[in-house]
Amino acid sequence: MKRLLFIGLFLLGMPAFAAENQIFIQQTNATNSQIDIEQLGSGNIIADDESDTSTVDAAMNIDGTGLDFNLDQIGDSNQFLTDIVGDDGTYNFSFTGDTNIFTSQFNSEGTYSMDMMDLSSITIGSGNDFTVNIAEGADASDGIIDWEFDGSDNTIVFTAASDYTNSDLADILGSGGQQDAATADSIDIDWDINGDDNDFDVLINSSNVEQDWDITGDSVIIDYAGLNNAENTEGHYSKLDVTGSFWDIKLVQESASAADWVSITATGSGSSNSNATLCVVQNDSGTSVSC
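Going along each chain's sequence as written, the residues are numbered from 1 onward. For a predicted model such as this one, the threshold for reporting local features is a pLDDT of at least 70, and the threshold for listing and counting side-chain atom pairs is 80 or more; totals across whole chains, interfaces and linings nevertheless cover every residue. Think of the side-chain values as coming from all heavy atoms in the structure, minus any hydrogens and water.

A separate point is the overall build of the protein chain. A helix here means a DSSP run of H or I that spans at least four residues, while a strand means a run of E at least two residues long, and both kinds are numbered starting from the N terminus. For the protein chain, the helix and strand inventory stands at 1 helix and 22 strands. Under the scheme applied here, a residue whose accessible area is under 20% of the maximum for its type counts as buried, over 50% as exposed, and between as partly exposed, the area being computed with a 1.4 Å probe on protein chains only. Counting only residues that meet the buried cut, the protein chain has 48% of its 291 residues in that class. Contacts are residue-level and defined by heavy atoms, with any inter-residue pair within 4.5 Å sufficient. Considering only residue pairs separated by 6 or more positions, the protein chain has 64% of its internal contacts joining residues 24 or more positions apart. Computed by Shrake-Rupley with a 1.4 Å probe, the accessible areas treat only the displayed protein chains as cover when residues are assessed. Split by element, the accessible area of the protein chain, about 12,400 Å² in all, is 46% carbon and sulfur.

The general pattern is negative phi for most residues beyond glycine and trans for most peptide bonds. The residue Ser77 is not glycine, and still its phi comes out positive at about 55°. Tracing the chain through its elements places Ser77 in the loop between strand E7 (68-74) and strand E8 (79-85). Located in the positive-phi region is Ser219, a residue other than glycine, with phi close to 55°. Mapped onto the fold, Ser219 is located in the loop between strand E17 (209-216) and strand E18 (221-227). Residue classification places Ser219 among the partly exposed residues on the basis of a relative accessible area of 26%.

The next thing to look at is the nonpolar core. Only buried Ala, Val, Leu, Ile, Met, Phe, Trp, Tyr and Cys residues count toward a nonpolar core, and they belong to the same one when joined by side-chain atoms within 4.5 Å. By size, the foremost hydrophobic cluster in this structure holds 50 residues, and its most contacted members are Phe69, Tyr91, Phe93, Phe106, Ile134, Phe158 and Trp191. For this core, the element with the most residues is strand E15 (residues 187-194), which contributes 4 residues. In contact with Phe93, other than residues within four places in its own chain, are Phe69, Leu71, Phe80, Phe102, Phe106, Leu119, Ser120, Ser121 and Ile122.

Moving on to the pattern of salt bridges. In the sections that follow, a salt bridge refers to a side-chain nitrogen of Lys or Arg positioned within 4 Å of a carboxyl oxygen of Asp or Glu. Scanning the entire structure with this criterion turns up 1 salt bridge. One salt bridge connects Asp248 with Lys250, and the closest N-O pair in it is separated by 3.3 Å. Judged by relative accessible area, which is 24%, Asp248 ranks as partly exposed. The exposure class assigned to Lys250 is partly exposed, which follows from its relative accessible area of 22%.

Take the pairing of strand E20 (residues 248-254) next. Across the 7 residues that make up E20, a large majority, 5, are buried. Here a strand pair is declared whenever DSSP counts at least two bridges between the two strands. Here E18 pairs with E20 via 7 bridges, running parallel. Residue pairing across strands places Ala225 opposite Val252, the latter belonging to E20. Pairing of E20 with strand E22 (residues 277-283) involves 7 bridges; the strand directions are parallel. By the bridge assignment, Gln253 is partnered in E22 with Gln282.

Our next topic: empty space enclosed by the protein. Buriedness of a pocket was judged along seven lines, with at least five required to meet protein on both sides within 12 Å; pockets are open sets of points on a 1 Å grid over the protein atoms alone, cavities are sets where a 1.4 Å probe fits but cannot get out, and lining residues have an atom within 4 Å of a point. Grid points are joined across faces, edges and corners, and a volume is the space filled by probe spheres set on the points. By the definition in use, this model includes 1 cavity of 30 Å³ or more. One number sums up the size of the largest cavity: a volume of about 40 Å³. Lining the largest cavity are Met117, Ile134, Ala140, Gly143, Ile145, Ala160 and Ile187. Broken down by class, the residue content of the lining of the largest cavity amounts to 6 nonpolar, 1 polar and no charged. Classification used: nonpolar for Ala, Val, Leu, Ile, Met, Phe, Trp, Tyr, Cys and Pro, charged for Asp, Glu, Lys and Arg, polar for all others including Gly.

Moving on, we come to a nonpolar patch on the surface. Note that patches include only residues with greater than 30% relative accessible area and no salt bridge, and the join distances are 9 Å for like charges and 5 Å for nonpolar side chains (Val, Leu, Ile, Met, Phe, Trp, Tyr). Together, Ile264, Leu278 and Val280 make up a nonpolar patch on the protein surface, roughly 210 Å² of accessible area in all. Note on placement: Leu278 falls in strand E22.

Among the secondary structure elements, Leu40 is positioned in strand E4 (residues 34-40). Of the residues examined, Leu40 reaches a relative accessible area of 31% and is grouped as partly exposed. For the pair Leu40 and Asp76, spaced 36 residues apart in the sequence, the C-alpha separation amounts to 9.3 Å.

Okay, here's the thing in structure tokens:
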């Protein structure tokens, strides 16, 4: 039986040092549950009940199979910090506003799998900060992820099925050497990006990933590393359709005995002072070289 939790908060009169509204949920070993959350206003927090309201330093924990999680935050300077574990989950995130912080871990301990997850996220606004980590070194097979951004100066850090964090990304794009393989495969990611000065750091460690990037805007930065697809001859596939100027795109695909693909259609230009740059590295030895 599906359990439904709907939360909509419109609270006033909180002390000046506290968040305007705060939601805390802890769920353990549930099956086929549904959680719907709607927050309207600015300065709201969704996190652990022990999280410091000024630093938001503790994640809300949700554990269960077949979770249907729906979040709608409308306003500025809101924060969302959660750690979710469970296969076959559906996640719909909608954010409207500026300078929001979204930090979500899916199976942060790498203990359980995150198979068959379906994640859809729509962000309308600027100056937002996203950090998402899915299945550290664990199974994240058959995942479908759709991300849409409409706004400028957004920062996105995304890691999937990797023991490595995005702090390692500079080394991997440079000369990081061979990485350990994860067990994930068949991850399908669609990016729809509209706006200037957006910055994406993406690191995926799995056997088979298909990505479709649709980018419109100037001065967009994409750093992507696709690692370890030796277990599957299909490898990684990235399709980029870029419209704009002064973009900076780096793609690294490290495989052994796999076929990696890149398809790029770009319209735009740079200048003598600010180039539009593109670097693609494919290495069948499974090790990286400088980009």
